[in-house]
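# Summary of structural features
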Amino acid sequence: MLLIPCPHCGNRPELEFRYAGEAHIARPADPSTTSDQEWAEYLYFRSNPKGLHIERWRHVSGCARFFNCVRDTVSDKILKTYPAGQPKPDLAELVKEAGQ
Amino acid sequence: MSLTLRAKRSGRVDRTKPLSFTFDGKTYRGFEGDTLASALLANGVHLMGRSFKYHRPRGVITAGSDEPNALVSVGSGARHTPNLRAPQVELYDGLVAKSQNAWPSLSFDVGAINNFLSPLFVAGFYYKTFMWPNVAWKKLYEPIIRRAAGLGTASSEPDPDHYSTRFAHCDVLVVGSGPAGLSAALSAARTGARVILCDEQAEFGGSLLSELHATVDGKPAAQWVEEAVAELKALAGTVTLLPRTQAFGYFAQNFLGLVERVTDHLATPDPKLPRDRLWQVRAKEVVIAAGAHERPMVFPDNDRPGIMLADAARTYANRYGVRPGGRAVVATAHDSAYQAALDLKAAGVSIELIADLRKEANGPLPMAARAAGIRVETGMAITGSTGRLRVNAALVSKLGTDGEEAIPCDLILMCGGWTPSVHLFSQSRGKLVFDDARQVFIPGESAQAERSAGACKGSETLAQAFEDGFAAGLDAAAKAGCAQGKATQVKLAGVLDAHGGFLGAVPHPHDAGRVKAFVDYQNDVTAKDIKLATREGMRSIEHVKRYTTTGMATDQGKLSNMNALAIAAEALGKPIPAVGLTTFRQPYTPISFGAMANHSRGDLFDPVRKTATHAWAEAQGAVFEDVGLWKRAWYFPHAGEDMHAAVLRECKTVRDSAGVFDASTLGKIEVVGPDAAEFMNILYTNPWSKLEVGRCRYGLMLNEAGFVMDDGVVGRIAEDRFHVTTTTGGAPRVLNHMEDYLQTEFPNLKVALTSTTEQYSVVAVQGPNARKIIAPLIDGIDISNEAMPHMSVRLGKICGVPTRLFRMSFTGELGFEVNVPADYGQAIWEAIWAEAQKYEACAYGTETMHVLRAEKGYIIVGQETDGTVTPNDLGLDWAIGKAKPDFVGKRSLTRPDLVKADRKQLVGLLTVEPQTVLEEGAQITLIGNPPAGTSALGHVTSSYQSAVLGRSFALAIVSAGRARMGETLYVPMPDGPIAVTVTDPVFYDKEGAKLHV
Ligand SMILES: [Zn+2]
């Protein structure tokens, strides 16, 4: 069971959370102006990387807030969590920090 | 009872405390401190089981949890536990044990015929012999094989024991309490660290418990262990000692699973105690001190009872005071077997020969054996054995010669070397590296906060084990943020170091195709099987493993993996690391289902949600159904009624007079705030801005892909307040969906969302008499048709209790839904019920609700929809606010796939034969007997007998269904196709006149 650091509550067991897919996929401000292809990409296309993945979690049985999380999909190591709405972190920087 | 096989020295067994037990119905005697295996050996019993595939007689070969042969069942009735390892079963008075996989008896087993049919059971036999004909596998081969090849049987009675679970955190978790583990625990604990020390055995000390000669700091090893444990016990505030506790799994982020066997070793356990306790430990740092497994030698007929691992025999002699035989031949490739020979000799066993596979053996132990007068031959292989239920001779050959010498004996001790136990390290995702010099896999780079110490790290000497342990404990405590500790050393004396080892099959002069040299005892895999697998194209050890099943038994190949790998590598002409190592999986040793299920059984398996009227409905004889976690009244049968009759009566009563229904389980969400209407505009397809306070609207929720996700009636309580209802099962999903958009896409909106599902009891009163029933109870609301039209909501009182009164209908009749605080639910229900009885109204359940709504063509999300259905598919375009610039799912509704002409659309179906009720889920086709491979046009989503229609009817989704009105389609069934006519999905009161009375 993973220990996930909720940016609002601190470390909590995975049981309290619900996964919510890849992060930083913003809903187009005006969907009506998107092409079918652009809209399909927004709906269905995900990066699914082997390695660092920025994803959304919700602390559903805690503060109930959505937040973002950088997790290595190979090792399950969580490098960073931060509140929804904050900009994407610099992954190279995070890797460097984690290596130290 | 004869005790001649007890050595002079009693070891750690208490000979003043005799115990009586039975094995296969025969009574034996043992002592406190014995295991089932040691007690049986003391009674001269080596034959403890039959092998899995060939039913060959097998004896115990280890003294620990890695035992592959001596698997027994213990206990009886509901407490019958199969597949326990005899060396791990602690003896208690009255213990009842049975052998497994033998019929009619262990010494005469009919299944042993498999041994002679063995050409049928070669590697890959599952894939070859039984592939054809297909049907024979299921009907013929599988049942026979399953009966003949197998382990013990589980009890079919409910488990009478209870289990407990505990979460724990510590600075340092030490797994294993041999010299390395104890030293690690000591040095970590002395820094003040919170330490958990666990060991699978009943006593701490590991290999030190079998040590006769070594002294530690001038004290006998056993005394040093005792003092170390006493020191740890004295630190009870920070140190937790867990004997009989298996660390079975190493998971992400230093999370380990342990199972503590609490009562299995007790004759009369306190019923308050759990049988097992599951520990879920989050450790800052871990020390793995899991030791090493002694490897068998792979030689022909290496599986007769009386053949065992050398160091296991030494443990039986030294720790349990048992002589496992009278005359022994030792076959080895490692110095440690010489220590076993010396100790067994001291215990009174005659050592006939030590046959060492190595060309030379000149270490201190071989020299000591020679000095003790034992015959030692180097360059000599063990090449076979004779005997039936017990070995009676060992066959040995000088390497490079064909001559074979038979040496009479009743015990063969073998030692092919030692395999570090890297299971937990590997589970932690650490990388193993192959040490070419010593031919072992050892822990390489760590993936988690752990380190190995002692034999599991590949350390070969006792001195190194202590050194590793003390260093590992200090390192772990420091990394966990505890105080710096002082380096500790111990002075060892009386130990002779041992080295050596051999991997693979021992060379022999026999026809390799005709002998059985076992690699994996538990799954009956021989050297021949592994070579065959490589000849048949298996290249990776993962393939060899699956093809031969080597290493796939519950022992996970603890004894066999390295030999199997070496044989495969040799056959493939590749170095060992190039062939690969199979994955180590949890659990390390089998653990009980009870420990896993733990409290989650019976009433505690899942939470049960009951509405306020549950007891009332129960008293009325309601039958309940599970909807999510809810118990809902399904129907209310009168005396003599079956479900069919009850539902027809309830339906008729509602349409003729009225019915009362508990709708409390519907999800309710309060959407509040200055931007509430704007938020609703985004989340629902409908327009909300112009909905007046006091009015309701049917709300339709889509996901972003444009598919229907949920629906429900929404009432506007105030300008800034909506009372939203959802489906019973969808409530948490809908709230999550709303929160997602509110928190992440539209965080600027000032809205708060609150689940109020359990705050309200909801009593639906439906039918022509609904108004008359509630009228006498309502205070402060004009409920006339003019003042309170269909789809409106009013605040007021019922029986003096505050209510949100909805006028709405899910039946097609005049209807009200009375929302009251849940605490008043039962009282209000009973008050309404008293009025309802004046009109001969009924209480109805979910089945009647389903039928009545289907007659009106009202959908149920999850029944008419399956996550791929759009509003247009359902004929719900009227619920879409076309003028709204945006809502969740809107953009998707114009995607090409969502506007295709052949999309499946909601229609009604009427069977040509009016009393035939279609099966829900049945496929719909164009012709009655379509050829195989024809795609269905759609499927039946709801199907019932209707009281008001006097016939059956159904809802369905059918490709281009709205263009098929009046067409005849078919529902192919096993008894032949059923002809149906496509109709409008509204069967009752199409114009809706009955809603507006
Ligand atoms: Zn939180």
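Note that the structure is a prediction, hence the values are computed from the model and not measured. (Residues numbered from 1 in each chain as written. Chains lettered and ligands numbered in written order. Predicted model: local features only at pLDDT ≥ 70, side-chain atom pairs only at ≥ 80, totals over all residues.)

### Re the overall build of chain B
- Each helix and strand in chain B was counted, giving 23 helices and 51 strands.
- Principal-axis analysis of the C-alpha atoms places the extent of chain B at approximately 115 × 70 × 55 Å.
- Within chain B, the fraction of its 997 residues that count as buried is 51%.
- When contacts within chain B are restricted to residue pairs at least 6 apart in sequence, those whose partners lie at least 24 apart make up 67%. (Helix = DSSP H or I, 4+ residues; strand = E, 2+ residues; numbered from the N terminus. Buried ≥ 20, exposed ≤ 12 C-beta atoms within 10 Å, placed from the backbone. Contact = placed C-beta atoms within 7 Å.)

### Remarks on the overall build of chain A
- A count of helices and strands for chain A gives two helices and six strands.
- Referenced to the eigenvectors of the C-alpha coordinate spread, the extents of chain A come out at roughly 45 × 30 × 20 Å.
- In chain A, buried positions account for 16% of the 100 residues.
- When contacts within chain A are restricted to residue pairs at least 6 apart in sequence, those whose partners lie at least 24 apart make up 48%.

### Some thoughts on the interface of chain A and chain B
- At the interface, 19 residues of chain A touch 23 residues of chain B.
- Among the elements that make up the side of chain A that touches chain B, the one with the highest residue count is helix 1 (residues 36–44) of chain A (three residues).
- Grouping the constituent residues of the side of chain A that touches chain B by class yields 11 nonpolar, four polar and four charged. (Nonpolar A, V, L, I, M, F, W, Y, C, P; charged D, E, K, R; others polar.)

### Details of the environment of L79 of chain A
All names here are of chain A.
- Relative to the assigned elements, L79 resides in strand 6 (residues 78–83).
- The partly exposed category is assigned to L79, around which 16 C-beta atoms lie within 10 Å.
- Contacts of L79, omitting those with residues within four sequence positions, involve V70, D72, L94 and A98.

### A few points about the sheet that holds strand 4 (residues 52–58) of chain A
Residues and elements named next belong to chain A.
- A sheet is described by the order of its strands in space; here four strands give the open sequence 3-4-5-6, paired in antiparallel fashion. Each having just a single partner strand, strand 3 (18–22) and strand 6 make up the two edges of the open sheet. Taking each pair of neighbouring strands and ignoring which way they run, the sheet shows an average axis angle of 30°.
- Relative to strand 4, strand 3 runs antiparallel, the two sharing three bridges. Each residue of the ladder has a partner; that of E22, found in strand 4, is E55. (Pairing = 2+ DSSP bridges. Axes fitted to C-alpha atoms, helices over the stretch in contact; angles between N-to-C directions.)

### Things to note about unusual backbone geometry
All names here are of chain B.
- The peptide bond linking Q586 to P587 adopts the cis configuration, its omega dihedral lying at -5°.
- Mapped onto the fold, P587 is located in the loop between helix 15 (576–579) and helix 16 (593–597).
- A positive phi angle, near 75°, is found at R429, a position not held by glycine.
- Backbone geometry at E840 places phi at a positive 55°, although glycine is not the residue there.

### Focus on helix 6 (residues 221–234) of chain B
All names here are of chain B.
- Over its 14 residues, helix 6 runs 20 Å from end to end, which matches the ideal 20 Å to within 8%, given 1.5 Å per residue.
- Turning to helix 6, its buried residues number three or more, namely A221, A222, W224, V225, A228, V229 and L232. The buried side chains of helix 6 occupy one side of the element, clustering within an arc of 155° when seen end-on. Structural note: helix 6 exposes A230, K233 and A234 on the side pointing more than 90 degrees away from its buried face.
- Buried positions along helix 6 lie against helix 5 (179–189), strand 9 (195–198), strand 10 (215–216), strand 11 (219–220) and strand 12 (239–242). (Expected span 1.5 Å × (residues − 1). Arc of directions from axis to C-beta.)

### Considerations on the domain arrangement of chain B
Residues and elements named next belong to chain B.
- Assigned domains within chain B: domain 1 (14–118), domain 2 (165–292 + 420–485), domain 3 (296–416 + 496–514), domain 4 (517–586) and domain 5 (900–996).
- Computed over C-alpha atoms only, the centres of domain 2 and domain 3 are separated by 31 Å.
- Every contact between the two is made by seven residues of domain 2 and, on the other side, nine residues of domain 3.
- Within the side of domain 2 that touches domain 3, the residues separate by chemical class into two nonpolar, three polar and two charged. (Domains from an automatic or database assignment.)

### A word on the confidence of the model for chain A
- For chain A, the mean per-residue pLDDT works out to 95, and 99% of the residues sit at or above 70.
- Of all secondary-structure elements in chain A, the lowest mean pLDDT belongs to helix 2 (residues 91–99) of chain A, at 89, while strand 4 of chain A reaches the highest, 98. (pLDDT = per-residue confidence, 0-100.)

### Digging into the nonpolar core
All names here are of chain B.
- V330 and L413 are the most contacted members of the largest nonpolar core, which has 105 residues in total.
- With eight residues, the top contributor of residues to this core is helix 14 (residues 561–572).
- Not counting residues within four places of it along the chain, the set of residues in contact with V330 comprises A310, A337, A341, I351, L353, I354, A355 and L413.
- Listed in part, the 99 residues of the second largest apolar core include L742, Y760, F806 and V888. (Core = buried A, V, L, I, M, F, W, Y, C linked by C-beta atoms within 7 Å.)

### A look at the packing of helix 12 (residues 527–535) of chain B against helix 14 of chain B
Residues and elements named next belong to chain B.
- Viewed as axis vectors pointing N to C, helix 12 and helix 14 meet at an angle of 40°, and their least axial separation amounts to 9 Å. On the basis of the axis angle, helix 12 is oblique to helix 14. Helix-helix and strand crossings are classified by hand; for helix 12 and helix 14 the assignment is right-handed. Every residue of helix 14 that contacts helix 12 at A527, I530, K531 and T534 is listed here: A564, I567, A568, A571 and L572.
- In the contact of helix 12 with helix 14, the residues fall into seven nonpolar, one polar and one charged. (Parallel < 35°, antiparallel > 145°, perpendicular 65-115°, else oblique. Left-handed = near helix turned anticlockwise from the far one by under 90°.)

### Points about helix 8 (residues 336–346) of chain B
Residue and element names in this part refer to chain B.
- Counted residue by residue, helix 8 has nine buried out of 11 residues, so it is predominantly covered.
- Along helix 8, the positions that sit buried rather than exposed are S336, A337, Y338, Q339, A340, A341, L342, D343 and L344.
- The inward-facing, buried residues of helix 8 abut helix 7 (310–318), strand 18 (327–332), strand 19 (350–356), helix 9 (364–371) and strand 24 (411–415).
- Looking one or two residues past helix 8, G348 carries a phi angle of roughly 105°, positive in sign.

### Section: the environment of V861 of chain B
- Of note, V861 of chain B is situated in the loop between helix 23 (846–855) and strand 46 (904–911).
- Placed 152 residues apart in sequence, V861 of chain B and M709 of chain B show a C-alpha to C-alpha distance of 7.2 Å.

### Things to note about the packing of helix 7 of chain B against helix 8 of chain B
Residue and element names in this part refer to chain B.
- Orientation of helix 7 relative to helix 8, taken along the N-to-C sense of each, is 30°, at an axis distance of 8 Å. With respect to helix 8, the axis of helix 7 lies roughly parallel. Pair helix 7 / helix 8 crosses with left-handed handedness. Along the contact surface, helix 7 presents A310, D311, A313, R314, A317 and N318, while helix 8 presents S336, A337, Q339, A340, D343 and L344.
- In terms of residue class, the contact of helix 7 with helix 8 is built from six nonpolar, three polar and three charged.

### Points about the pairing of strand 36 (residues 696–702) of chain B
Residues and elements named next belong to chain B.
- Counting buried positions over the seven residues of strand 36 gives five, a clear majority of the element.
- By the bridge criterion, seven bridges tie strand 36 to strand 37 (residues 708–718) in an arrangement that is antiparallel. The partner of R697 across the bridge, within strand 37, is V714.
- Following strand 36, the chain reverses through five residues before pairing antiparallel with strand 37; G706 in that reversal takes a positive phi of roughly 95°.

### Section: the sheet that holds strand 18 of chain B
All names here are of chain B.
- If you trace the five strands from one edge of the open sheet to the other, you get 17-24-18-19-20, paired in parallel fashion. Two strands bound the open sheet, and with one partner strand each, they are strand 17 (307–309) and strand 20 (376–378). Geometrically, the sheet is characterised by an average inter-axis angle of 20° between neighbouring strands, direction not taken into account.

### A look at the pairing of strand 24 of chain B
Residue and element names in this part refer to chain B.
- Of all the five residues making up strand 24, five are buried; the element is thus mostly covered by neighbouring parts of the structure.
- Neither face of strand 24 is exposed, since L411, L413 and C415 on one face and I412 and M414 on the opposite face are all buried.
- Direction of pairing for strand 17 relative to strand 24: parallel, over a ladder of three bridges. The partner of L309 across the bridge, within strand 24, is M414.
- Pairing of strand 18 with strand 24 involves five bridges; the strand directions are parallel. The partner of A331 across the bridge, within strand 24, is M414.

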